[in-house]
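# Observations on the three-dimensional arrangement
Each chain is listed here by its residues.
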Amino acid sequence: MYWTVEKAEIAIIRSVKGEPKTLPHLKYLIQTYDDGRDVKDAVSKTIAKKWQKERKALLWLKHLAHNSSDPNIIHAVAQTIAQLWKNDLDILAILKDRARSDCAPHPYLQCWIVESISRAWKDNLDTLPWLKDIAKNADDWDVRGSAVQILLQGWKNDPDTLPILKYRVRFDRNEYSRSDRCEVVKDIAQGWKDDPDTLPWLQELVEDDIDKDLAIDEIILGWKDDPDILPWLQELVEDDIYRVRAIDEIILSWKDHPDVLPWFKSLAQQAFPIKSRFQDLIIDYLAR
């Protein structure tokens, strides 16, 4: 039988009238329906609300949340349990268990569970340490990234948050996580701009060739008026890969600085084996 949300709602109306076969019928529906989450959401919530005081219903929902391999069932049932039986001692343990990679069939489900625990049990003393562990040690990079973003949004002022963010940038080198790492670099550069360690940390990323372009962008964006940035860029010219980038930034932002013209003249006297854009930039600047 093809089920829609509307048909599930009909079953809900029948349950209100007290038909004794409704609960087993709805249980069967949530276990067997295959086409999406909406119906399963509606049915699991119906079971929970109608039989919230019935121990068997709760035990059945717990069993599904703990043992089902269907991510839609886990999502629907776990969400309902967390909302309506939040104070049950087993609930948090069940959700944490499902957040482990060997228990959750899909990373997006792990991310959802991590977000749900962080939101519903934010004041629980064990939540923050658990979240920190997920941010550093979860098997899937997407789950680690989700935990990092939750820390950033909910616990930015915790003394461990910034070190965890820095750890992710330096050591989470999965190629698919690069976009997330870039976001974290931006978050650190802009969210901790007044931290005296932030600029040196960004410069270390450049030196160690870690997300180097982005680190340079953030340094120029946030510290252009720092008197040490021009000398730092001049030193960066020694790097063959970023020589042109450094020259471009100097011309764009420091072309009228009194130290720049003599420095360009000294560069023009150096010998280069082949003609390059670097030389063209020097010639164009001196010709102005």
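Parameters and conventions
- Residues numbered from 1 in each chain as written.
- Predicted model: local features only at pLDDT ≥ 70, side-chain atom pairs only at ≥ 80, totals over all residues.
- Heavy atoms only, no water.
- Helix = DSSP H or I, 4+ residues; strand = E, 2+ residues; numbered from the N terminus.
- Areas by Shrake-Rupley, 256 points an atom, 1.4 Å probe, with all protein chains shown as cover.
- Expected span 1.5 Å × (residues − 1).
- Buried < 20%, exposed > 50% of the residue type's maximum accessible area, 1.4 Å probe, protein only.
- Contact = heavy atoms within 4.5 Å.
- Salt bridge = Lys/Arg side-chain N within 4 Å of Asp/Glu carboxyl O.
- Axes fitted to C-alpha atoms, helices over the stretch in contact; angles between N-to-C directions.
- Parallel < 35°, antiparallel > 145°, perpendicular 65-115°, else oblique.
- Left-handed = near helix turned anticlockwise from the far one by under 90°.
- Nonpolar A, V, L, I, M, F, W, Y, C, P; charged D, E, K, R; others polar.
- Core = buried A, V, L, I, M, F, W, Y, C linked by side-chain atoms within 4.5 Å.
- Phe/Tyr/Trp six-rings, centres within 6.5 Å; stacked < 30°, edge-to-face > 60°.
- Lys NZ or Arg CZ within 6 Å of the ring centre and 35° of its normal.
- pLDDT = per-residue confidence, 0-100.
- Patch = residues over 30% accessible without salt bridge, like charges linked within 9 Å, V, L, I, M, F, W, Y side chains within 5 Å.
- Lys, Arg positive; Asp, Glu negative; His and termini not counted.
- Charge placed at Lys NZ, Arg CZ, Asp CG, Glu CD.
- Polar contact = N/O pair within 3.5 Å; in protein donor to acceptor, adjacent residues only side chain to side chain.

### Looking at the overall build of the chain
A tally of helices and strands in the chain yields 17 helices and zero strands. Carbon and sulfur atoms form 50% of the exposed surface of the chain, whose accessible area is close to 15,700 Å².

### Side note on helix H7 (residues 107–120)
For H7, with 14 residues, the first-to-last C-alpha span of 20 Å sits near the 20 Å given by 1.5 Å per residue. Within the span of H7, buried status applies to Leu109, Gln110, Cys111, Trp112, Ile113, Val114, Ser116, Ile117 and Ser118. Elements that come into contact with the buried residues of H7 comprise helix H5 (71–84), helix H6 (89–99), helix H8 (127–137) and helix H9 (141–154).

### Looking at the pattern of salt bridges
Summed over the entire model, instances satisfying the criterion amount to eight salt bridges. Lys132 is the salt-bridge partner of Asp158, the closest N and O atoms lying 3.0 Å from each other. Of this pair, Asp158 sits in the loop between H9 and helix H10 (161–171) while Lys132 sits in helix H8; the two residues are 26 residues apart in sequence, bridging distant segments of the chain. No difference in accessibility class separates Asp158 from Lys132, as the two residues are buried. A salt bridge links Lys132 to Asp160, with the shortest nitrogen-to-oxygen separation between them at 2.7 Å.

### Re the packing of helix H11 (residues 178–191) against helix H12 (residues 198–207)
With their axes 9 Å apart at the nearest point, H11 and H12 run at an angle of 150 degrees to one another. Here H12 runs roughly antiparallel to H11, going by the angle between their axes. Viewed along their axes, H11 and H12 form a crossing whose handedness is left-handed. Along the contact surface, H11 presents Val185, Ile188 and Ala189, while H12 presents Thr198, Trp201, Leu202 and Leu205. Grouping the amino acids of the contact of H11 with H12 by side-chain chemistry returns six nonpolar, one polar and no charged.

### Examining the nonpolar core
Membership of the largest hydrophobic core comes to 78 residues, with the highest contact counts inside it found for Val114, Leu202, Leu233 and Phe264. Residue contacts for Leu233: discarding those within four places in its chain leaves Ile220, Ala246, Glu249, Ile250 and Trp254.

### A few points about the packing of H12 against helix H14 (residues 229–236)
At their nearest, the axes of H12 and H14 sit 13 Å apart, and the two run at 10 degrees to each other. Classified by the angle their axes make, H12 and H14 are roughly parallel. Contacts between H12 and H14 involve Leu199, Gln203 and Val206 from the first element and Ile229, Trp232 and Leu236 from the second. Partitioned by chemical class, the residues of the contact of H12 with H14 number five nonpolar, one polar and no charged.

### As for the packing of aromatic side chains
In the structure shown here, the tally under the stated rule is two aromatic pairs. Seen from the ring of Trp223, Lys193 lies directly overhead, with NZ or CZ sitting 5.2 Å from the centre.

### As for H14
Of all eight residues making up H14, six are buried, and the element is well covered by its neighbours. Restricting attention to buried positions, one finds in H14 the residues Ile229, Leu230, Trp232, Leu233, Gln234 and Leu236. Among the structural elements, H12, helix H13 (212–223), helix H15 (243–254) and helix H16 (260–268) are those in contact with the buried residues of H14.

### A short note on the confidence of the model for the chain
Averaged over all residues, the pLDDT of the chain equals 78, while 76% of them reach at least 70. Overall, residues 1–7 carries pLDDT values under 50, and its contacts beyond four positions in sequence, including any with other chains, amount to twelve contacts. Below a pLDDT of 50 lies the segment residues 9–14, which in the model reaches seven contacts outside its immediate sequence neighbourhood of four places, other chains included.

### So, a negative patch on the surface
On the surface, Asp197, Glu204, Glu207, Glu235 and Glu238 cluster together into a negatively charged patch. Among the secondary structure elements, Glu204 is positioned in helix H12. Residue classification places Glu204 among the partly exposed positions, given a relative accessible area of 38%.

### A closer look at the side chain of Lys132
The exposure class assigned to Lys132 is buried, which follows from its relative accessible area of 15%. Reaching out from Lys132, the side chain makes a polar contact with the side chain of Asp158 at a distance of 3.0 Å. Leave out the neighbours within four places in its chain, and Lys132 touches Leu151, Asp158, Asp160 and Ile164.

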